[in-house]
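Each chain, written out:
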Amino acid sequence: MGRRGASDGTWIIGTLCAVLSACAGIQERHADKPVAIVGVTIIEVESGDLLAPMTVIIRSDTIADIGRTDQQPVPDDALRIEGKGRFLVPGLWDMHTHAHRRGRSAWHYPAYIAHGVTGIRDMGTDLDSATAHRASWRSDAIAPTVWWGSPPIDGAEPVLPFGVPVTNADEARTIARRFDNQGFRFLKVYDLIDPASYHALCEEARRLGLPVEGHVPLNLSPTEVAEAGQRTIEHLTLVLEACIPGTLAWVAADTTGDSMGLLSDGRLAASLAEYDSATAQVLFAKLAEAHIWQVPTLVQMRGAFFIRDSVFVNDPRISTLPADIRAEWDTYRNETPDTVLKAGCLVFERQLAMVGVMHRAGVPFLAGTDASAEPWVFPGTSLHDELALLVEAGFSPLDAIRTATLNPARYRGEGGKLIAPGSVADLVLLDGDPTQDIARIRQIDGVVLRGRYLDRDALDQLVAR
Ligand SMILES: [Zn+2]
């Protein structure tokens, strides 16, 4: 999400090429053979049905055949994977990442794949790094499929160092056309873009057929961006605020803050008792009707505020971090005032409860983590954390899984079943049923990445590196 003034990571551990060549041994192992997963239970995320025992045949990067195990022939030359007692889900998508700044992909990519994240939505990086990564991406690499958003389009003084300033309607139209020409899938909007520029941007984007996604700018409201046709709201920006009468007015009048600072400066926390359920229901009905996806990145907000909790201090995943990221998190933990963390924790708890209410009101959700260099957000495993938080908020485990599988596919405009002949073979093989307990989404025995099977050893190697 970006804290104003934060360094946003300072490490570089090598180029993407280094990762690709290091992974070459794994890639080539089974590249030419069909893969057969035999006797597995398929979790059909659309219906919620569990189909068993089934056999899935994969050729090249595609699911070629699926049938009942007693009826589905297995090619003689297939790499045979035992599926008995195991569960197959579609590859997971992390729908909010910043995986491409400052060589970060060398850390992020292997971690995503090792934890079943076969696709990511990139929510903005420097234009140069986006262009370079898009040009060098290869389908045979150990890399997720990337859905590219533009660099964040912001006000005259962008919050993020890689934000693009826009100060009037003409500039907004020009930047929309430029990012469209450059092949971005959507325009990302940020906190400080002014209403006139924002509406011009949306108008031009509509003409181009390009979605506008991102924050609710601080001078607008969730209702206004829904009416303008914005396709997503990240981090619940201004959603809780809109449910507390009077709050949007003081937010708009304050030109010093950003959406993240707003959560922890104490003013919002002090007004939580004034949350108005009737106002909220009207708003949620509007968001549901507009089908504007929410990407709450709960794990990012939790990571920003609960960092002195012993569970976070002692998280074993810290040992997997690059040294300077670890140092940056330590500094953040040691230097952030107690009052800020306390206020942030109160707001987070309220947002968590609100997410459950929104889900029951029919507002659609996507799972995203804000994996970048944000405190206590670990690329890959934090998506599992996000699904657990959605369950804590009141989602069924199946509905939580849908936010990282079915809903991202619908967001990308894909219809039909995800695990079906003709689909891209991005799959995760689990040793437990995650629809019974979301924690089992972490129990990964193997990952199929665009048809290539990576067993537990291969995944462990990715993480070790
Ligand atoms: Zn972000």
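Quick caveat: nothing in here was measured; it's all calculated off a predicted structure.

## Thoughts on the overall build of the protein chain
Looking only at helices and strands, one finds 20 helices and 17 strands in the protein chain. On C-alpha atoms alone, the protein chain measures out to a radius of gyration of 22 Å, which is about the 23 Å that the 2.2 N^0.38 rule sets for 465 residues. C-alpha atoms of the protein chain, sized along the principal axes, occupy 70 × 50 × 45 Å. Counting over 465 residues, the protein chain shows a buried share of 59%. Summed over its atoms, the accessible surface of the protein chain is roughly 17,100 Å², and 51% of this surface lies on carbon and sulfur atoms. When the 43 positive and 60 negative side-chain charges of the protein chain are each reduced to one mean point, those points stand 3 Å apart.

## Digging into the domain arrangement of the protein chain
Each domain of the protein chain was delimited in the assignment, giving domain 1 (19-148 + 215-464) and domain 2 (149-214). Here the C-alpha centroids of domain 1 and domain 2 sit 24 Å apart. Across the contact, 31 residues belong to domain 1 and 28 residues belong to domain 2. Across the interface of domain 1 and domain 2, roughly 2,400 Å² is buried in total on both sides, 57% from carbon and sulfur atoms.

## Looking at the pattern of salt bridges
Pairing is possible between side chains that carry opposite charge, provided their charged atoms lie close to one another. Within this structure, the stated rule accounts for 23 salt bridges. For D70, the salt bridge identified is with R68, shortest N-O distance 3.9 Å. A relative accessible area of 63% means that D70 is categorised as exposed. D385 is the partner of R442 in a salt bridge, and the nearest nitrogen-oxygen pair spans 2.9 Å. Taken as a pair, R442 in the loop between β15 (427-430) and β16 (444-449) and D385 in helix α17 (residues 381-393) lie far apart in primary sequence, 57 residues in all. The class of D385 is buried, set by a relative accessible area of 6%.

## Remarks on the coordination of the zinc ion
The protein atoms that coordinate the zinc ion are H96 (NE2), H98 (NE2) and D370 (OD), at distances of 2.0 to 2.3 Å. Of note, the zinc ion draws all its donor residues from one chain, in the sequence arrangement H-x1-H-x271-D. Judged by relative accessible area, which is 0%, H96 ranks as buried.

## Let's talk about the environment of L92
Its place among the elements puts L92 in strand β6 (residues 92-97). Taking the C-alpha atoms as reference points, L92 and G116, separated by 24 residues in sequence, lie 5.9 Å from one another. Residues in contact with L92, not counting those within four places in the same chain, are H115, G116, V117, T118, G119, L383, H384, A404, T405, V428 and I441.

## Details of helix α4 (residues 127-136)
Within α4, burial applies to S129, A130 and H133. Taken end-on, α4 shows its buried residues confined to a sector of 100°, consistent with a single buried face. Of the exposed residues in α4, those oriented more than 90 degrees away from the buried face are D128 and A135.

## A closer look at the sheet that holds strand β8 (residues 145-148)
Sheet architecture is open: three strands sit in the order β6-β7-β8, paired in parallel fashion. The open sheet has two free edges, formed respectively by β6 and β8, since each of these has just one partner strand. The average undirected angle you get between the axes of adjacent strands in this sheet is 20°. Relative to strand β7 (residues 117-122), β6 runs parallel, the two sharing four bridges. Considered in β7, the bridge of W93 is made with G119.

## Some points on the nonpolar core
With 118 residues, the main nonpolar core has L187, Y198, L201, F284, L287, M354 and M358 as its most contacted residues. Counting residues per element, this core draws most heavily on helix α16 (residues 338-360), at nine residues. Split by domain, this core shows at least three residues from each of two domains, domain 1 (19-148 + 215-464) and domain 2 (149-214). Every residue in contact with L287, bar those within four places of it in the chain, is listed here: P222, A226, I233, I292, Q294, M358, V363 and P364.

## Quick notes on α16
Because each turn of an α-helix spans 3.6 residues, side chains separated by three or four positions end up pointing in the same direction. Taking 1.5 Å of rise per residue, the 23 residues of α16 would be expected to cover 33 Å, and the 34 Å separating its terminal C-alpha atoms lies within 8% of that figure. Within α16, burial applies to L341, A343, G344, C345, V347, F348, Q351, L352, M354, V355, G356 and M358. Just downstream of α16 lies G362, where phi reads positive at about 90°.

## Describing the packing of aromatic side chains
In the structure shown here, the tally under the stated rule is six aromatic pairs. Ring plane angle 75° and centroid distance 5.5 Å describe the contact between F306 and F348, whose orientation is recorded as edge-to-face. Taken together, the residues span a long stretch of sequence, with F306 in the loop between α13 (298-305) and α14 (310-313) and F348 in helix α16 at a distance of 42 residues. Take F306: its relative accessible area is 17%, and that puts it in the buried class. We note R134 situated over the ring of F184; from NZ or CZ to the ring centre the distance is 4.8 Å. When the ring centre of W93 is taken as origin, the NZ or CZ atom of R412, which lies over that ring, is 3.8 Å away.

## Here's the deal with unusual backbone geometry
The omega torsion across A52 and P53 is -10°, close enough to zero to call that bond cis. Mapping P53 onto the fold places it in strand β2 (residues 50-59). Even without a glycine there, the phi angle at S60 is positive, about 55°. Inspection of the secondary structure puts S60 in the loop between β2 and β3 (62-68). Under the relative-accessibility criterion, S60 is labelled exposed at 59%. Here W376, not a glycine, exhibits a phi torsion of approximately 60°, which is positive. You can see W376 is positioned in the loop between α16 and α17.

About the criteria used
Residues numbered from 1 in each chain as written. Predicted model: local features only at pLDDT ≥ 70, side-chain atom pairs only at ≥ 80, totals over all residues. Heavy atoms only, no water. Helix = DSSP H or I, 4+ residues; strand = E, 2+ residues; numbered from the N terminus. Rg over C-alpha atoms; globule rule 2.2 N^0.38 Å. Buried < 20%, exposed > 50% of the residue type's maximum accessible area, 1.4 Å probe, protein only. Areas by Shrake-Rupley, 256 points an atom, 1.4 Å probe, with all protein chains shown as cover. Lys, Arg positive; Asp, Glu negative; His and termini not counted. Charge placed at Lys NZ, Arg CZ, Asp CG, Glu CD. Domains from an automatic or database assignment. Contact = heavy atoms within 4.5 Å. Buried area = accessible area lost by both parts, 1.4 Å probe. Salt bridge = Lys/Arg side-chain N within 4 Å of Asp/Glu carboxyl O. Donors = N, O, S within 2.8 Å, 3.2 Å for Na, K, Ca; no water. Arc of directions from axis to C-beta. Pairing = 2+ DSSP bridges. Axes fitted to C-alpha atoms, helices over the stretch in contact; angles between N-to-C directions. Core = buried A, V, L, I, M, F, W, Y, C linked by side-chain atoms within 4.5 Å. Expected span 1.5 Å × (residues − 1). Phe/Tyr/Trp six-rings, centres within 6.5 Å; stacked < 30°, edge-to-face > 60°. Lys NZ or Arg CZ within 6 Å of the ring centre and 35° of its normal.

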